[in-house]
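# Coordinate inspection notes
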Amino acid sequence: MTASVPARALALACLAALPLSACVSGPANPSASRASELASVVSRSVACRAGAPSRSTLESFIAAEKARGATPEQLASARSTYVTVSEGETVNQMVRPKPCGSEERAEVREKMMRIRAGDFSAL
């Protein structure tokens, strides 16, 4: 029984340290974070019928991230994140549709106008 007390204390210390390190460190890849937000806006726009993205939306976003100084690894991660989030949002909308109100539709339409114009600064 005494041998398990230090083991439990060590396990508890490890568990407590994990969330702390996650809170202290900043985002590992801001490009991936912006790609996730972009994918959510685009998916919501399609679901709300507030405008469809152009074919070049992802490529324009990647070019903008490159101009911001993203590394090739960050760009690859951003592309992967965009695709993953888009697919997830599409599946979620099919399984459990989330209705759009007129206020949300107007907000998403405005965001999509900027995105289609190549302005990703709001992400």
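Residues numbered from 1 in each chain as written. Predicted model: local features only at pLDDT ≥ 70, side-chain atom pairs only at ≥ 80, totals over all residues. Heavy atoms only, no water.

## Structural notes on the overall build of the chain
Scanning the chain from N- to C-terminus turns up five helices and zero strands. Counting from the amino terminus, helix and strand elements in the chain follow one another as α-α-α-α-α. Every one of the 123 residues in the chain was classed for burial, and the buried ones make up 26%. Across the chain, the fraction of contacts at a sequence separation of at least 24, relative to all contacts at a separation of at least 6, is 83%. For the chain, the accessible area works out to roughly 8200 Å², and carbon and sulfur atoms hold 62% of it. (Helix = DSSP H or I, 4+ residues; strand = E, 2+ residues; numbered from the N terminus. Buried < 20%, exposed > 50% of the residue type's maximum accessible area, 1.4 Å probe, protein only. Contact = heavy atoms within 4.5 Å. Areas by Shrake-Rupley, 256 points an atom, 1.4 Å probe, with all protein chains shown as cover.)

## Observations regarding unusual backbone geometry
In the Ramachandran plot, R49 falls in the positive-phi region, its phi being about 55 degrees despite a non-glycine side chain. Take R49: it is sitting in the loop between α2 (30-48) and α3 (57-67). We classify R49 as exposed; its relative accessible area is 71%.

## Some points on the packing of aromatic side chains
Scanning the entire structure with this criterion turns up one aromatic pair. Summarising the aromatic geometry, the rings of F61 and F120 are spaced 5.5 Å apart at their centres and angled 80 degrees between planes, so their arrangement reads as edge-to-face. Residue F61 is located in helix α3, and its partner F120 is located in the segment after α5 (102-116); the two are separated by 59 residues in the primary sequence. Of the two residues, F61 and F120, neither departs from the other in class, the shared state being buried. (Phe/Tyr/Trp six-rings, centres within 6.5 Å; stacked < 30°, edge-to-face > 60°.)

## Digging into the environment of I62
Mapped onto the elements of the fold, I62 is located in helix α3. When the C-alpha positions of I62 and Q74 are compared, they lie 9.8 Å apart, and in sequence the two are 12 residues distant. Apart from residues no more than four positions distant in its own chain, I62 is found in contact with L75, A78 and R79.

## Thoughts on the packing of α2 against α5
For any two helices packed against each other, the geometry is given by the interaxial angle and the distance between the axes. Between α2 and α5, whose axes approach to 9 Å, the crossing angle comes to 125 degrees. In terms of orientation, α2 lies oblique with respect to α5. Considering only the axes of α2 and α5, their crossing is left-handed. Packed against α2, whose contacting residues are L38, V41, V42, R44, S45 and C48, the element α5 presents E104, R105, V108, K111, M112 and I115 at the interface. (Axes fitted to C-alpha atoms, helices over the stretch in contact; angles between N-to-C directions. Parallel < 35°, antiparallel > 145°, perpendicular 65-115°, else oblique. Left-handed = near helix turned anticlockwise from the far one by under 90°.)

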